[in-house]
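# What the coordinates show
Each chain, written out:
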Amino acid sequence: MRTTTAEALSATTLLRFATAGSVDDGKSTLVGRLLHDSKSVLADQLEAVAHASRNRGQATPDLALLTDGLRAEREQGITIDVAYRYFATPRRRFILADTPGHVQYTRNMVTGASTAELTVILVDARNGVVEQTRRHTAIAALLRVPHVVLAVNKMDLVGYEESVFAAIAEEFTAYAGELGVPEITAIPISALAGDNVVEPSSNMDWYGGPTVLEHLETVPVSHDLASCHARLPVQYVIRPQTAEHPDYRGYAGQIAAGTFRVGEEVTILPSGRTTKISGIDLLGDPVDVAWTTQSVTVRLQDDVDVSRGDLIVPAEEAPALTQDVTATVCHVADQPLTVGHRVLLKHGTRTVKAIVKEIPSRLTLDDLSQHPEPGRLVANDIGRVKIRTAEPLPIDSYADSRRTGSFILIDPADGTTLTAGMAIRQPGIRHPGRNDRMRS
């Protein structure tokens, strides 16, 4: 058997983070500055940016173009789509998501931050905390992003005044604290000039904290999914029925949370049947242990009926089954979500029919109050919904697992994603017990 302990240790050196902020706060410029000053840009990429900048009449390279890759983005000078970039320093590897600032593209921020362990929220020092800042902070809190960086940008345009930075940091920290953001780090920067992005700024000697890159390199990465209850959504049943593998039957998928081991007793949901793991195949080789984010094929001791959409879990850690889902949601579609709306609910690899039974409240971003019984949610609204599904689902609380506690609502007519949801813990129907174990 092949061991993978070294891989587990190296995984802790990877940080996924996202940028967010209002329009023209300098998100793409900050990302470009990070890439440029950390020497993560190839010469031909920099030349292409310089050429595009000259065509737009700019004397110096516009570093925002390193991430704004769509033609419409370059023509309008805005970010529309989520731009993912990989870069590395000697201390850590990074996957970043540069997300849009326009209100109508808030849905993209949900996408970019959903897998992030840190979110950088930019604020223009001249404008301070605005509505979109509050919206992005609320989304980061709802998505339970463990680390938030407040980057007060364009400090060069306010004379590098400490009082301006201090006032914005105090207002933002108070607001984010009310939302329950666990950790906030405020950094004054100028993405355009490079102040406190990679190198410390000589213009702000009153600031003694880390630069943006230094914080990214040193912030603790918990990888909390590895400590969650193990979950394997089945994506595909592998049964080659060849002369070489006449009896092979495996269940393939990406481990959503936790760790699986050969010999472990597991339950198949929603059926509730119990068996044991007889083997785990990773990249064609057998292993004893597999963990979060690895794509594996699991072989079971008994001939259990397992198909796409089922969930393999440890027998002692199986979630409750429920048809009544209460969740906090961010509505991302142009069409509103209303009571009585018939939808498809996609949880992991399973998709079931559902109906919106109730919309108890909508969050008001200005004062964080709950607007009772709004009746519907429109694009970019954050609210609470109650959903009834046609079939029981083994859904976790989002507070316990960001992967298996999340879902999306889909329009059954055209497949449009309507809403991103985060389930709230609630009682459900327990799965059948250990007496239902299949025997060979």
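For clarity, every value in this text was computed on a predicted model and none was experimentally measured. (Residues numbered from 1 in each chain as written. Predicted model: local features only at pLDDT ≥ 70, side-chain atom pairs only at ≥ 80, totals over all residues. Heavy atoms only, no water.)

## What about the confidence of the model for the chain?
Low-pLDDT stretches of the model should not have their predicted coordinates read in fine detail. Per-residue pLDDT for the chain has a mean of 84; in total, 82% of the residues score no lower than 70. The secondary structure element of the chain with the lowest average pLDDT is helix α1 (residues 5–11), at 41, and the one with the highest is strand β6 (residues 184–188), at 97. Note that residues 70–80 has pLDDT below 50 and, in this model, 27 contacts with residues that lie over four places away or in other chains. (pLDDT = per-residue confidence, 0-100. Helix = DSSP H or I, 4+ residues; strand = E, 2+ residues; numbered from the N terminus. Contact = heavy atoms within 4.5 Å.)

## A few points about helix α5 (residues 106–113)
Structural remark: α-helix, 3.6 residues per turn; residues separated by three or four positions point the same way. Across the eight residues of α5, six count as buried, placing the element largely inside the fold. The complete set of buried residues in α5 reads Thr 106, Asn 108, Met 109, Val 110, Gly 112 and Ala 113. (Buried < 20%, exposed > 50% of the residue type's maximum accessible area, 1.4 Å probe, protein only.)

## Quick notes on the packing of aromatic side chains
Scanning the model with the defined rule gives five aromatic pairs in all. With a centroid separation of 6.5 Å and 85° between ring planes, the pair formed by Phe 17 and Phe 87 is classed as edge-to-face. A residue pair is termed long-range when its members are at least 10 positions apart, and Phe 17 in strand β1 (residues 14–21) and Phe 87 in strand β2 (residues 83–88) qualify at 70 residues. Through pairs of rings, three or more aromatic residues link up here, namely Phe 17, Phe 87 and Phe 94. (Phe/Tyr/Trp six-rings, centres within 6.5 Å; stacked < 30°, edge-to-face > 60°.)

## Considering the nonpolar core
If you look at the biggest cluster of nonpolar residues, it comprises 37 residues, and the most contacted ones within it are Ile 139, Leu 143, Leu 150, Val 152, Met 155 and Phe 172. Mapped by element, the contributors of at least two residues to this core are α5, β4 (118–124), α6 (131–142), β5 (147–153), α7 (162–179) and β25 (417–423). Among the elements that make up this core, the one with the highest residue count is α7 (six residues). If we skip the residues at most four places from it in the chain, Met 155 touches Ala 125, Tyr 160, Glu 161, Phe 165, Pro 188, Ile 189, Met 204 and Trp 206. (Core = buried A, V, L, I, M, F, W, Y, C linked by side-chain atoms within 4.5 Å.)

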